[in-house]
Amino acid sequence: MLFGIYPNSVIKQKMFRKILIATHGTKGAKKAEQVALEIASQQSSELFAMYVINSNWSSLTGIEWLNASHTRMKFYSHIEKDFYLKAKQILEDINRLASQKQVKINNIISVGIPEEAIIEECAKNHIDLLVLGSGVKGDRAEYKYTLQLKKIKNRVLCPILLA
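What you are looking at is a predicted structure, and each value in this text was computed from that prediction instead of being measured.

Colleague: Go over the pairing of strand β3 (residues 46–54), please, and point to the residues and values.
Modeller: The buried fraction of β3 amounts to 9 of the 9 residues, a majority that puts the element mostly inside the structure. Residues E46, F48, M50, V52 and N54 point to one face of β3 and L47, A49, Y51 and I53 to the other, with burial holding for every one of them. As defined by bridge partners, strand β2 (residues 18–22) adjoins β3 across 5 bridges and the pair is classed as parallel. Bridge pairing in β3 links A22 to M50. Taken together, β2, helix α2 (residues 27–43) and β3 constitute a β-α-β crossover, and its handedness is right-handed. Pairing of β3 with strand β4 (residues 105–112), which is carried by 8 bridges, proceeds in the parallel orientation. Looking at the pairing, M50 lines up with I108 of β4.

Written as structure tokens, this is what we have:
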């Protein structure tokens, strides 16, 4: 079995029953979605589309009007709803594409530390291939969190494709 990070050409030579795409809707993530869908379609694989809401967002401090407990909880509730709506929209987009390619897809919305959530889903669903987007120049304005690949690569039991 392949372990580690491999180019697309090597990955396409192997068979994968279960593929996990971790996405957040940026340009780089959308490119990775296309690659994951292409492989899943060609190999009749089951696709798991995952959006992780980073739990660190709730550690916002230093904003005066958030110091009151009631105000802070109201603000967090509002923000959390927005995160879930965004996650749902992004997963609906990939579901439409999967439907067009006749790929079976499972949606996962998780709240936590992104690397930990991805590692957990790979283990729980016995994932054969993890697909992640690589950075795209100019993507920083859209999304400011960068996955720490070194935290993932030695803890998943499947190859990782950076698309």
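Colleague: Break down the nonpolar core for me, citing the residues and quoting the values.
Modeller: Core analysis: the biggest nonpolar cluster contains 24 residues, and I19, I21, I39, L47, I94, L129 and V131 have the highest contact counts within it. If you list the elements that add at least two residues to this core, you get β2, α2, β3, α3 (69–100) and β5 (129–132). Per element, the largest residue contribution to this core is 6 residues, and it comes from α2. When near neighbours in sequence (up to four residues on either side) are disregarded, I19 contacts A36, I39, A40, S45, E46, L47, F48, I127, L129 and V131.

Colleague: Account for the pairing of β2, with residues named and values stated.
Modeller: Among the 5 residues in β2, 4 count as buried, and that is most of the element. Alignment of β2 against β5, held across 3 bridges, turns out to be parallel. In the sheet register, I21 faces β5, and the bridge partner there is V131.

Colleague: For helix α4 (residues 114–124), give the residues involved together with the corresponding values.
Modeller: For α4, the full list of buried residues reads P114, E115, A117, I118, I119, E121 and C122. Contacts made by the buried residues of α4 are with β2, β3, β4, β5 and α5 (149–153). The first or second residue beyond α4 is H126, which carries a positive phi of 50°.

Colleague: Would you mind going over the pattern of salt bridges in detail, with residue names and values included?
Modeller: All told, the structure shown has 5 salt bridges when counted by the stated rule. Notably, a salt bridge pairs D128 with R17, separated by 3.8 Å at the nearest N-O pair. With D128 in the loop between α4 and β5 and R17 in the loop between α1 (8–11) and β2, the pair connects residues that are 111 residues apart, well separated along the chain. Among the residues examined, D128 registers a relative accessible area of 10% and is labelled buried. Between D93 and R96 there is a salt bridge, with the nearest N and O atoms lying 2.3 Å from each other. Pair noted here: D93 and R96 are both in helix α3, with a separation of 3 residues, about one helical turn.

The rules behind each value
All chains use their own residue numbering, which begins from 1 and follows the written sequence. Predicted model: local features are reported for residues with pLDDT of at least 70 only, side-chain atom pairs are reported and counted for 80 or more only, and whole-chain, interface and lining totals are derived from all residues. Excluding hydrogens and water, the side-chain values take into account all heavy atoms of the structure. The classification of residues rests on relative accessible area computed with a 1.4 Å probe and restricted to protein chains. Under 20% of the type maximum is buried, over 50% is exposed, and intermediate values are partly exposed. Helix and strand assignments follow DSSP, with helices taken as H or I runs no shorter than four residues and strands as E runs no shorter than two, numbered in order from the N terminus. We treat two strands as partners when DSSP finds at least two bridges between them. Handedness of a crossover is defined as follows: orient the strands so they point away from the viewer, and if the path from the first strand over the helix to the second runs clockwise, the crossover is right-handed. Here, the term nonpolar core denotes a set of buried Ala, Val, Leu, Ile, Met, Phe, Trp, Tyr and Cys residues that are joined through side-chain atoms within 4.5 Å. Contact between two residues is taken to exist if any of their heavy atoms lie within 4.5 Å; hydrogens are not considered. By definition, a salt bridge exists where a carboxyl oxygen of Asp or Glu is found within 4 Å of a side-chain nitrogen of Lys or Arg.

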